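Residues per chain are reported as follows:
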Amino acid sequence: MTSLPLISVDPDARGRRPSMPPHHLADLDLSGRQALVTELGEPAFRAKQVSNHYFGRLVRDPERMTDLPAATRERLAGELLPTLLTPVRELACDDGATRKALWRLHDGSLVESVLMGYPDRVTVCISSQAGCGMACPFCATGQAGLTRNLSTAEIVDQAVYLAGVAASGAVSGSPPRLSHVVFMGMGEPLANYSRVVAAIRRLVAPAPEGLGLSQRHITVSTVGLVPAIRRLASEDLSVTLALSLHAPDDELRDELVPVNQRWKVSEVLDAAWDYAATTGRRVSIEYAMIKDVNDQPWRADLLGRLLAGKLAHVNLIPLNPTPGSRWDASPKPVEREFVRRLRDAGVSTTVRDTRGREIDGACGQLAAAGDTDGDSRAATA
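Residues numbered from 1 in each chain as written. Predicted model: local features only at pLDDT ≥ 70, side-chain atom pairs only at ≥ 80, totals over all residues. Heavy atoms only, no water.

### Topic: the packing of aromatic side chains
Applying the stated criterion to the full structure yields three aromatic pairs. Between the aromatic rings of Trp103 and Tyr161, the centroid separation amounts to 4.6 Å while the plane-to-plane angle is 80 degrees, which identifies the pairing as edge-to-face. Separated by 58 residues along the polypeptide, Trp103 in strand β3 (residues 98–104) and Tyr161 in helix α5 (residues 152–167) bring together distant segments of the chain. With a relative accessible area of 1%, Trp103 lands in the buried category. An angle of 40 degrees between the planes, with centres 5.2 Å apart, marks the rings of Tyr287 and Phe338 as tilted. Of this pair, Tyr287 sits in strand β11 (residues 283–289) while Phe338 sits in helix α11 (residues 332–344), and the two are 51 residues apart along the sequence. You can call Phe338 buried: its relative accessible area is 1%. (Phe/Tyr/Trp six-rings, centres within 6.5 Å; stacked < 30°, edge-to-face > 60°. Helix = DSSP H or I, 4+ residues; strand = E, 2+ residues; numbered from the N terminus. Buried < 20%, exposed > 50% of the residue type's maximum accessible area, 1.4 Å probe, protein only.)

Dropping the structure here:
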């Protein structure tokens, strides 16, 4: 594990009450940005220029925006590009291919995001909330509770910042361009629905409107908020839906994923299949393998029966270690038997790479916490 340089932050940020940040150009579509620039007494095309710096060139420094008049650069950047994320700590492992960033927001809230480099792609895992209100007992973020929703721009800015890291060549052995975004960081994305959907639209719109990613390279994870899943299916987006199922039976899922007490397994899966039918996109079923809890052969068989013939793929996730947790990952022989039974049922199944464990950056391990020196470490998972 490599600890990257600590960046000092404003100590007065601690103790502030959670509040939404100032408006940023990423909160607005291009026409909204043009209207704002006009209100500032500048020609509308300045909005396109600033947007192209931010989304197209990944530039925030007004001194580098040389196509803007020197007299207005600072003012325009200040109005359109206020600082939303202050880096607190970055950690790296896997020879720099996995990098976790901890951010302090304007109100002192903390969030994390993770960049993962592969030979054929660069993926970022971004947060949609500071904390999470879903209370899943095996997940650090859920146990920490919800602080607040992130703004559209706070969500987008994570991806833009880490796209800049990739473009700098810092992720050796990977392409120098961000290609995939997964909403699998802190928070339940569909509990911050309107801002997450707006963020997706910024990520997929071509520059200068947005970052220009493929919709098919965006994944939105959810624990199963049925009305929001159905609403997402109507958005004319072709993003991948990842359903955090973790148990095929209501009795266990009520404990592991408390929202199941509101929407049962059958309701959640029905919404997922409707999403697949509407979008043509295969649903990813996320399943954390927890020793002696949800890894029994009969649960593999039940899951296989529920998914057989459906447009779905199972991502088995070895439970990642979390301090103080009473649960552990399933042994490898148990995991292999679970995989075998699912595949025998005709269900496409893989075991997720546990990248980032050493820096508490793997699935279920994001839980931002700070100390009195502005330092921060992921605490539990």
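Having put the structure on the table, let's press on.
### Comments concerning helix α3 (residues 70–80)
Those residues of α3 that sit buried are Thr72, Arg73, Leu76, Ala77 and Leu80. In an axial view of α3, the angular spread of the buried residues amounts to 130 degrees, which keeps them on one side of the axis. Away from the buried face of α3 by more than 90 degrees, exposed residues Ala71 and Glu74 are located. If you follow the buried residues of α3, they end up packed against α1 (30–39) and α2 (45–56). (Arc of directions from axis to C-beta. Contact = heavy atoms within 4.5 Å.)

### Thoughts on α5
Between its first and last C-alpha atoms α5 spans 23 Å; for 16 residues at 1.5 Å apiece the expected length is 22 Å, and the two agree. The element α5 is largely enclosed, with a buried count of 13 among its 16 residues. After α5 finishes, the residue Gly169 shows a positive phi value of roughly 85 degrees. (Expected span 1.5 Å × (residues − 1).)

### Some points on the side chain of Asn260
Looking at where Asn260 falls in the secondary structure, it is placed in the loop between α8 (250–256) and α9 (265–279). What Asn260 contacts, discounting residues up to four positions off in sequence, is Asp250, Arg253, Asp254 and Val265.

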